[in-house]
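Summary of the model geometry
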Amino acid sequence: MTPSDVKATLSFSDGSPSVELPIYKGTVGPDVIDIRKLYGQTGKFTYDPGFMSTASCNSKITYIDGDKGELLYRGYPIEQLAGKCDHLETCYLLLKGELPNAKQKEDFVNTVMNHTMVHEQLQFFMRGFRRDAHPMAVLTGLVGGMSAFYHDAMDIDDPQQREISAIRLIAKMPTLVAMAYKYNIGQPYIYPQNDLSYSGNFLRMMFGTPCAPYHVNPVLERALDRIFILHADHEQNASTSTVRLAGSSGTNPFAAIAAGVACLWGPAHGGANEAALKMLEEIGSVDHINEFIKQVKDKNSGVRLMGFGHRVYKNYDPRAKLMRETCHEVLNELGLHNDPLFKLAMELEKIALEDEYFVSRKLYPNVDFYSGIVQRALGIPTSLFTCIFALARTPGWISQWEEMITDPEYKIGRPRQLFNGASSRDVPDMAKR
Ligand code: CMC
């Protein structure tokens, strides 16, 4: 960390001595005030629920400039990665810090694709779930369950074992997601085919059957790959922070990632694309947009425009632009260019972007606004959208976990609290309660 020449001084109105706090500079982005010694020096904590002003770690992986609408993985703009690289190159970049050359890429692809199969016993584990269980419930269980199957590589202090676990997670997530889907619809699981691309293989495991050959459509394969790239990492969001916090106790990576999957499930995070698509279906037609926007603006209605707004982006989410482009490509390829939901989404976006409520709060479309339409066109059922997000986010989670484990300043995460409950009191006898 680079110290800044500037120091922060915190003073108190009750006459207690003021404290000087060091400031560090990042490569880009806001400086941070180091408050680690604050409690020791003053006996006071800072209060920041929701981490509105708190950097929970230092990281070299992903940078977001929310005002500019910029997203960089290891310094590379998301637009260039989505245009020039495939998902496994992006995974390599996130994990190792640099893009692979041709030989490194070939080796990495071979390694990942050689780990796509899951332990056969996982099928029987899956059978314990109800067929109508939400696929995210199944996925949370399966990812956590992986720790029961791959204990040959659970020593988190061994870099090689950590690397094998990272590869296993990236390689097996598509297999698990496809299995959860097939189980849900009552079709046989399709084993991976390792000479296909990462995304092509996933499409085949999802939509192939043992009765007929499956041909991967290259436009759909590319679109899916792009969905994966756009979701691969997003700095210290809720699920990534969950992975770091869970991992900070020294738990194994499968358990830490399972915690991330569980966190991602919520509608304010990974569940938003599912919620955005449901919202579009409920609005139903362009004629109902104004009525819907009225409800969104009414604070008592509890209705939000799903796929809009972001804690960090106060400008157009760059992923949303790319996703809108992909949406066009997929709908054209499938002859769905007149898709009513896509038209409705574009009209809704246009109206919201001109409306004072959204303009004044800097609410712009986020990645989830269009990703649901793309996934629906690909044939992915709505209930599986968050699983696709989890699959795509796995390289980000595991890279952030690796970065944390190897950080010399790594400590178990242990937030403190402002206690507002009862102070010490005696337990009354039953008759007096
Ligand atoms: N629709 C209507 N009003 C909104 C919305 C929305 N989608 N998002 C924020 N607002 C309003 C909110 O009511 C508040 O207004 P006021 O200042 O009058 O009280 C103001 O904007 C600030 O909102 P906030 O809830 O304090 O902002 P936040 O940073 O805590 O929330 C968010 C960020 C993503 C949870 C929120 O924008 C939201 O709920 N969006 C809809 C869900 C969604 O699309 N989530 C996907 C996020 S992107 C995927 C990812 O990276 O995980």
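Residues numbered from 1 in each chain as written. Predicted model: local features only at pLDDT ≥ 70, side-chain atom pairs only at ≥ 80, totals over all residues. Heavy atoms only, no water.

- The name given to the protein in an unreviewed UniProt entry is Citrate synthase, and the organism recorded there is Cupriavidus pampae.
- Word for word, the UniProt comment on the protein under Sequence similarities (unreviewed entry) is "Belongs to the citrate synthase family." (UniProt positions renumbered as here; feature names shortened; annotations may be inferred.)

A short note on the site of the ligand
- Near the ligand lie 20 residues; those nearest to it are H269, K299, R304, L305 and R311.
- Out of a free accessible area of 930 Å², the ligand has 74% covered by protein chains.
- By residue class, the composition of the shell around the ligand is 8 nonpolar, 6 polar and 6 charged. (Near = heavy atom within 4 Å. Areas by Shrake-Rupley, 256 points an atom, 1.4 Å probe, with all protein chains shown as cover. Nonpolar A, V, L, I, M, F, W, Y, C, P; charged D, E, K, R; others polar.)

Comments concerning the packing of helix 6 (residues 135–145) against helix 18 (residues 385–405)
- Running from N to C, helix 6 and helix 18 cross one another at 30°; their axes reach a closest spacing of 8 Å. In terms of their interaxial angle, helix 6 and helix 18 are classed as roughly parallel. Remark: the crossing between helix 6 and helix 18 carries right-handed chirality. Here P135, M136 and L139 of helix 6 come into contact with helix 18, specifically with T386, C387 and A390.
- Split by residue class, the contact of helix 6 with helix 18 holds 5 nonpolar, 1 polar and no charged. (Axes fitted to C-alpha atoms, helices over the stretch in contact; angles between N-to-C directions. Helix = DSSP H or I, 4+ residues; strand = E, 2+ residues; numbered from the N terminus. Parallel < 35°, antiparallel > 145°, perpendicular 65-115°, else oblique. Left-handed = near helix turned anticlockwise from the far one by under 90°. Contact = heavy atoms within 4.5 Å.)

Considering the pattern of salt bridges
- Taken as a whole, this structure holds 20 salt bridges when the rule is applied.
- In this structure, R36 and D34 form a salt bridge, with 2.9 Å as the shortest nitrogen-oxygen distance.
- Assessed through its relative accessible area of 53%, R36 is described here as exposed.
- The class of D34 is buried, set by a relative accessible area of 12%.
- Each of D34, R36 and E409 takes part in a single network of salt bridges with overlapping partners. (Salt bridge = Lys/Arg side-chain N within 4 Å of Asp/Glu carboxyl O. Buried < 20%, exposed > 50% of the residue type's maximum accessible area, 1.4 Å probe, protein only.)

Side note on unusual backbone geometry
- Its identity as a non-glycine residue notwithstanding, F51 has a phi of 50°, on the positive side.
- With a relative accessible area of 53%, F51 lands in the exposed category.
- At R74, a position not held by glycine, the phi torsion is positive, near 50°.
- Mapped onto the fold, R74 is located in the loop between strand 5 (70–73) and strand 6 (76–77).

A few points about the packing of helix 3 (residues 87–96) against helix 4 (residues 102–113)
- Where helix 3 meets helix 4, the axes come as close as 10 Å, and the angle between the chain directions of the two elements is 100°. When the axis of helix 3 is compared with that of helix 4, the two are roughly perpendicular. Where helix 3 abuts helix 4, its residues L88, E89, C91, Y92 and L95 lie against Q104, K105, F108, V109, V112 and M113.

Observations regarding the pairing of strand 5
- With 4 bridges connecting them, strand 4 (residues 62–65) and strand 5 associate as antiparallel partners. The partner of I64 across the bridge, within strand 5, is L71.
- Following strand 4, the chain reverses through 4 residues before pairing antiparallel with strand 5; G69 in that reversal takes a positive phi of roughly 75°.
- As paired strands, strand 5 and strand 6 are joined by 2 bridges and run antiparallel to one another. Paired with L72 across the two strands is P77, which belongs to strand 6.
- Between strand 5 and strand 6, which pair antiparallel in sequence order, lie 2 residues; one of them, R74, sits at a positive phi of approximately 50°. (Pairing = 2+ DSSP bridges.)

A few points about the environment of G141
- Inspection of the secondary structure puts G141 in helix 6.
- Between the alpha carbons of G141 and L230 there is a distance of 25 Å; along the sequence they are 89 residues apart.
- Every residue in contact with G141, bar those within four places of it in the chain, is listed here: F125 and F129.

Section: the state of the cysteines
- Tallying each qualifying case throughout the model produces 0 disulfides.
- Distance from the sulfur of C85, which forms no disulfide, to the nearest cysteine sulfur (C91) is 11 Å.
- Look at C85 and you get buried, because its relative accessible area is 9%. (Disulfide = S-S within 2.5 Å.)

Thoughts on the sheet that holds strand 4
- Read from one edge of the open sheet, 3 strands run 4-5-6, paired in antiparallel fashion. In the strand order of this sheet, the two ends are held by strand 4 and strand 6, each with one partner.

Remarks on the sheet that holds strand 1 (residues 2–10)
- In spatial order, the strands read 1-2-3; together these 3 strands make up an open sheet with antiparallel pairing. In the strand order of this sheet, the two ends are held by strand 1 and strand 3 (32–33), each with one partner.
- Across 2 bridges, the pairing between strand 2 (residues 19–25) and strand 3 is antiparallel. Its bridge partner being in strand 3, I23 is matched across the sheet by I33.

Section: the nonpolar core
- In terms of nonpolar packing, the biggest core is built from 109 residues, with L139, F202, L305 and L348 touching the most fellow members.
- If you tally residues by element for this core, the top one is helix 7 (residues 159–185), at 13 residues.
- Apart from the residues within four sequence positions on either side, F202 is in contact with P174, V177, A178, L224, F228, I388 and L391.
- Core analysis: the second largest hydrophobic core is formed by 5 residues, A8, V19, I23 and L38 among them. (Core = buried A, V, L, I, M, F, W, Y, C linked by side-chain atoms within 4.5 Å.)

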